[in-house]
Amino acid sequence: MGGAGGLTEDLVLGINDHIKDAVVDVRERGSESVEEGEEEREMVPPRGPTSSSSGVSIHRSSSRPQLDLSGAAIQGNFEEKDPTILLPNQSDDIYHLALDIGGSLIKLVYFSRHEDRPLNDRRKKSIKERFGISNGNRRSYPILGGRLHFVKFETHKINECLDFIHSKQLHWGGLDPHQWTSEAPNNENAIIKATGGGAYKFADLFKDRLGVSLDKEDEMDCLVAGANFLLKAIRHEAFTHMEGQKEFVQIDHNDLFPYLLVNIGSGVSMIKVDGDGKFQRVSGTNVGGGTYWGLGRLLTKCKSFDELLELSQRGDNRTIDMLVGDIYGGMDYSKIGLSASTIASSFGKAISENKELEDYRPEDISLSLLRMISYNIGQIAYLNALRFGLKRIFFGGFFIRGHAYTMDTISFAVQFWSNGEAQAMFLRHEGFLGALGAFMSYEKHGLDDLMVHQLVERFPMGAPYTGGNIHGPPLGDLNEKISWMEKFVRKGTEIIAPVPMAPPGTTGLGGFEVPSSKGDTLRSDASALNVGVLHLVPTLEVFPLLSDPKTYEPNTIDLSDHSELEYWFTVLSEHLPDLVDKAVASEGGTDDAKRRGDAFAHYWIRLMEEPAAYGKFGLANLLELREECLREFQFVDAYRSIKQRENEASLAVLPDLLMEIDSMSKETRLLTLIEGVLAANIFDWGSRACVDLYHKGTIIEIYRMSRDKMRRPWRVDDFDMFKERMLGSGENNRPCPYKRALLFVDNSGADIVLGMLPLARELLRCGTEVVLVANSLPALNDVTAMELPDIVAEAAKHCDILRRAAEAGGLLVDAMNIQDGSKESSSVPLMVVENGCGSPCIDFRQVSSELAAAAKEADLIILEGMGRALHTNFNARFKCDALKLAMVKNQRLAEKLIKGNIYDCICRYEPAR
Ligand SMILES: Nc1ncnc2c1ncn2[C@@H]1O[C@H](COP(=O)(O)OP(=O)(O)O)[C@@H](O)[C@H]1O
Ligand SMILES: CC(C)(COP(=O)(O)O)[C@@H](O)C(=O)NCCC(=O)O
Ligand SMILES: [Mn+2]
């Protein structure tokens, strides 16, 4: 090893000298952010390494396209009030709508389609040819990518709902689904699927106001279809809620039936579900959500359901309910297992006291009523489960409203009466089952064919308002979002107050005792249970090399541990000012960008008030949500100029690095290359520690420190095993054992140029095909698949191996004047493939179809960086050999994962399973 160390040292000095000329002092950058936009224009070469990020084909975009109003014309009778307007050029977003019009609420589920605009770039084309990927060849009709939105209105405000549908022109989509792709649909014969009593009651109103007919679907059919779809297709849909603890339940698709579905709407239906379309309504009760809201309104004079629910949180039901202790002189009735605090008779105290309604606190009345109804429903549900021997009970309907206390009470009843045999579970899309079922009843929309991995739930701004609260149009337009945000900030200080990390208020005593959540307010935007927009991405696939997709869990750190959540949320929040700075600078530092930056920061903190509301949450989800938030506020690529500069600086020193590498023996070279990857992984703008380093030193100093740290053994060091596999024992010059390697690259600049590209070159040199796998969308300073071909092209100018391989892989098409011009067909190709992600991490259950295709013949994967190799996939096992390379740039993670320290390195080699 001594020899290798010496050479490495030389290499460092050599590189440092070159870097000195080419690299800017990072300290200067922080303070020059305002001019960055300008300078960026100067620095962008015509075909610069990262100049093309704006045209990315976005897989997971969450921003809504604007309506194309050109050529708009009134359709039909001009005399009509609110006539329909045709938008002939609005072709990329086609809507489809289904309704559930209940006694209390109208639920809307609508689909918006954003057509893929495949970029005809050379990379995509050649990858498609090479891997034989064609569009839509798997089904007789294509599943359309798009988004499912969830909105609700109060039934007595049906006009708001009609206005909403009209304003969004959702009724135009009510045509035969086969016509979804056609332009400018004509809605004369439009039909909208609808369920619930209102589908009958309001049919004429829909015809008069919107000119559409409601196609009525059976309510029970719809509830069951909706529940089955959610339970099969949405990963974190069902959860238990006991004593304040929410726990997501992974439902095995093959072991879903039978179950009892209890839908608590205005009234309550109990349905025994035995399969898709196989069910029986076995019971129900007229004491339901309508009872709580109706009686509660009369008794407390509350103006809204949420107000009534909020009152209950400050209530003490002992003032009204007759408890066992009231009857037994403060004692338990222990013989039959009833404690003194058990409710013997709801509202029972009111009979014996000489009091009027005004003498009772509305808070106490509300709580007593809530407990009476929840407990009663829980008990009837249990009895029905018992009747049919069902172990699982799923509760839906908007009565639940994601309210911790309601869920705890119902869970307690089920647990108590069943002696723990039966389990109450709740659904995140609680009240949308019927509407979803009605949506499913459209023939051949392909939704029922979609699988879990093709659905991505996103929480764009406005989701809490559409899915949660009763509200008008969701905030679609960015200006609306920001003005809302500004209003919100002005209104209260909630946003900047410390983030509450304690679990939501609960009794802690299982529903029989007084809630300890006094003083807690039910947030009026209903973020207690957020329902996001479901993105349907038919092109996402499960990575075929996962050794066991069923048990695969991408996250290494589970944030359901509150101390973890608190820590990571704090770390990311501390990074926020720097991130906002970069984001604003990337948009030219304009006033508009500053407003958006502020709004982003506020929104981010607000989102984090209750992350559990978004389904099961790991660190990878937190990091991804941050990127999604940035995109939501139209920050396309916050680190664009930083990436460009670091790419240019690194490319300038690449030729010298390659020269030094080429002078080494095979063995030393391999070690030096791996060291190079680990050392360059320090250039990570997502790590607090690294950003602090950038503010203190130059790239050269940082890089030197990083190379110094490279002495083996690393904290996790399987290098010898990897070397053995690559080179065999002894210098026997045998060819490299790998046919195709997938290199999951991480950061721009030194990381890709001086770390991963030289490693890729070595693999190419020994006959391995190399697929560079990079992000589809920007995330921090990660290099994207769109940027890589240009970086490779630049590097190829100095290296024949890279040039020939890139040519063979279709990355270079007469890209430059190549000296020897030989185009050997025998050369091993180098390709670039997008991974389908826009995050620093990767979830192998949802990758792009081109990556899935490329993986089929791969026998080595190399995962680089903290996000892809540590936060996610540290424990993942693959069907082929895997090398995980990362520098740990966080002290706590280093301690937890490897009992080590910040800047320790990991080289983990795992032979195929
Ligand atoms: N904002 C709200 N306005 C009215 N009721 C609400 C609201 N949020 C939750 N609820 C509760 O949800 C019940 C309606 O649930 P839902 O599943 O929509 O049933 P339905 O189809 O009968 O309208 C109401 O009776 C009430 O208890
Ligand atoms: C965002 C990152 C995963 C990116 O790391 P990378 O994948 O580039 O190695 C990492 O910087 C990170 O975990 N940052 C947050 C923790 C911290 O600042 O210490
Ligand atoms: Mn990164």
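Because the structure is predicted, anything quoted here is derived from the model rather than measured. (Residues numbered from 1 in each chain as written. Chains lettered and ligands numbered in written order. Predicted model: local features only at pLDDT ≥ 70, side-chain atom pairs only at ≥ 80, totals over all residues. Heavy atoms only, no water.)

Student: So what exactly am I meant to see when it comes to the overall build of the protein chain here?
Tutor: Assigned secondary structure in the protein chain consists of 32 helices and 25 strands. Taking all 913 residues of the protein chain together, 60% fall into the buried category. If you take every contact in the protein chain between residues at least 6 apart in sequence, the share linking residues at least 24 apart comes to 75%. Carbon and sulfur atoms make up 50% of the accessible area of the protein chain, which totals about 34800 Å². (Helix = DSSP H or I, 4+ residues; strand = E, 2+ residues; numbered from the N terminus. Buried < 20%, exposed > 50% of the residue type's maximum accessible area, 1.4 Å probe, protein only. Contact = heavy atoms within 4.5 Å. Areas by Shrake-Rupley, 256 points an atom, 1.4 Å probe, with all protein chains shown as cover.)

Student: Explain the site of ligand 1 to me, please; I cannot follow it from the model alone.
Tutor: The immediate surroundings of ligand 1 are formed by 15 residues, with Ser104, Lys107, Ser266, Gly289 and Phe398 found nearest. Here Gly103 contributes a backbone N or O atom positioned 3.4 Å from an oxygen atom of ligand 1. Residue Lys107 places a side-chain N or O atom 2.7 Å away from an oxygen atom belonging to ligand 1. For ligand 1, whose accessible area on its own is 570 Å², the fraction buried by protein is 93%. Breaking the shell around ligand 1 down by element, the ones donating at least two residues are β4 (105–112) and α9 (289–300). Examining the composition of the shell around ligand 1, we find that 3 residues originate from one element, α9, more than from any other. (Near = heavy atom within 4 Å. Polar contact = N/O pair within 3.5 Å; in protein donor to acceptor, adjacent residues only side chain to side chain.)

Student: Would you mind showing me how to read the domain arrangement of the protein chain here?
Tutor: Reports of interface size often rely on the accessible area that becomes lost once the parts have come together. Domains assigned within the protein chain are domain 1 (238–320 + 360–427), domain 2 (474–515 + 542–638) and domain 3 (640–910). The partner domain 3 presents 45 residues to the 32 residues of domain 2 that form the contact. A buried area of about 3400 Å², summed over both sides, lies between domain 2 and domain 3, and 59% of it is on carbon and sulfur atoms. Of all residues in domain 2, Phe543, Leu545 and Asp637 give up the largest surface area on contact with domain 3, accounting jointly for 21% of the area buried on that side. Its salt-bridge partner being Arg892, residue Glu564 comes within 3.4 Å of it at the nearest N-O pair. The tally of links from domain 2 across to domain 3 stands at 20 residue pairs in polar contact (both at pLDDT 80 or more). Those elements that provide at least two residues to the side of domain 2 that touches domain 3 are α18 (562–574), α19 (576–586) and α21 (619–632). No other element matches the 7 residues that α21 contributes to the side of domain 2 that touches domain 3. Of the residues in the side of domain 2 that touches domain 3, the class split is 16 nonpolar, 6 polar and 10 charged. (Domains from an automatic or database assignment. Buried area = accessible area lost by both parts, 1.4 Å probe. Salt bridge = Lys/Arg side-chain N within 4 Å of Asp/Glu carboxyl O. Nonpolar A, V, L, I, M, F, W, Y, C, P; charged D, E, K, R; others polar.)

Student: Quick question: what am I supposed to make of helix α28 (residues 788–796) here?
Tutor: Residues spaced three or four apart along an α-helix point in a common direction, a consequence of the helix completing one turn every 3.6 residues. The element α28 is largely enclosed, with a buried count of 8 among its 9 residues. Within the sequence span of α28, burial applies to Leu788, Pro789, Asp790, Ile791, Val792, Ala793, Ala795 and Ala796.

Student: Mind showing me how you'd approach the packing of aromatic side chains here?
Tutor: Two descriptors summarise a pair of aromatic rings, namely the distance from one centre to the other and the angle between the planes of the rings. Summed over all chains, the structure comprises 30 aromatic pairs. With a centroid separation of 6.4 Å and 45 degrees between ring planes, the pair formed by Phe569 and Trp604 is classed as tilted. Of this pair, Phe569 sits in helix α18 while Trp604 sits in helix α20 (residues 591–607); the two residues are 35 residues apart in sequence, bridging distant segments of the chain. We classify Phe569 as buried; its relative accessible area is 4%. (Phe/Tyr/Trp six-rings, centres within 6.5 Å; stacked < 30°, edge-to-face > 60°.)

Student: In this structure, what is going on with the sheet that holds strand β9 (residues 245–248)? I would like to understand it.
Tutor: Strands pair in a sheet through their backbones, by hydrogen bonds, and they do so in one of two ways: parallel or antiparallel. Here 7 strands make up an open sheet; going across it, the order is β9-β8-β16-β15-β10-β11-β12 and the pairing mixed. Lying at the two open borders of the sheet, with one neighbouring strand each, are β9 and β12 (278–285). Taken over all neighbouring pairs, the strand axes of this sheet differ in orientation by 30 degrees on average, direction set aside. Relative to strand β16 (residues 423–427), strand β8 (residues 238–242) runs antiparallel, the two sharing 2 bridges. Bridged to Phe239 within β16 is Phe426. Docked against the sheet, helix α14 (residues 404–418) engages β8, β10 (259–264), β15 (392–396) and β16, running at close to 85 degrees with respect to β8. (Pairing = 2+ DSSP bridges. Axes fitted to C-alpha atoms, helices over the stretch in contact; angles between N-to-C directions.)

Student: Looking at this structure, I do not really get the site of ligand 2. What am I missing?
Tutor: Not every one of the 17 residues close to ligand 2 is listed here, only the nearest: Asp684, Arg688, His871, Lys889 and Asn890. Take Arg688: an N or O atom from its main chain is 2.6 Å from an oxygen atom of ligand 2. Interatomic distance of 2.8 Å between a backbone N/O atom of Met866 and an oxygen atom of ligand 2. The protein chains hide 98% of the 470 Å² of surface that ligand 2 would expose on its own. Mapped by element, the contributors of at least two residues to the shell around ligand 2 are α18 and α31 (866–871). Among the residues making up the shell around ligand 2, the classes are represented as 5 nonpolar, 8 polar and 4 charged. The two domains that each donate at least three residues to the shell around ligand 2 are domain 2 (474–515 + 542–638) and domain 3 (640–910).

Student: Help me out: how do you make sense of the coordination of the manganese ion (ligand 3) in this one?
Tutor: Angles between donor atoms at a metal ideally measure 109.5 degrees for a four-coordinate tetrahedral arrangement and either 90 or 180 degrees for a six-coordinate octahedral one. Coordination of the manganese ion (ligand 3) by the protein involves Asp746 (OD), Asn747 (OD1) and Asp782 (OD), with metal-donor separations of 2.0 to 2.1 Å. Mapped onto the polypeptide sequence, the residues donating to the manganese ion (ligand 3) form the spacing pattern D-N-x34-D. Taken as a pair, Asn747 in the loop between β20 (740–744) and α27 (750–765) and Asp782 in the loop between β21 (769–774) and α28 lie far apart in primary sequence, 35 residues in all. Residue Asn747 shares its accessibility class with Asp782, and that shared class is buried. (Donors = N, O, S within 2.8 Å, 3.2 Å for Na, K, Ca; no water.)

Student: So what exactly am I meant to see when it comes to the sheet that holds strand β19 (residues 716–717) here?
Tutor: The strand order β19-β25-β24-β23-β20-β21-β22 describes an open sheet built from 7 strands, whose pairing is mixed. Every interior strand has two partners, whereas the edge strands, β19 and β22 (830–834), have only one. Examined bridge by bridge, β20 and strand β23 (residues 860–864) share 4 bridges and lie parallel to one another. Across the sheet, residue Phe744 finds its bridge partner in β23, namely Leu863. Sheet strands touched by α27: β20, β21, β22, β23 and β24 (881–887). Its angle to β23, the strand with the most contacts, is close to 170 degrees.

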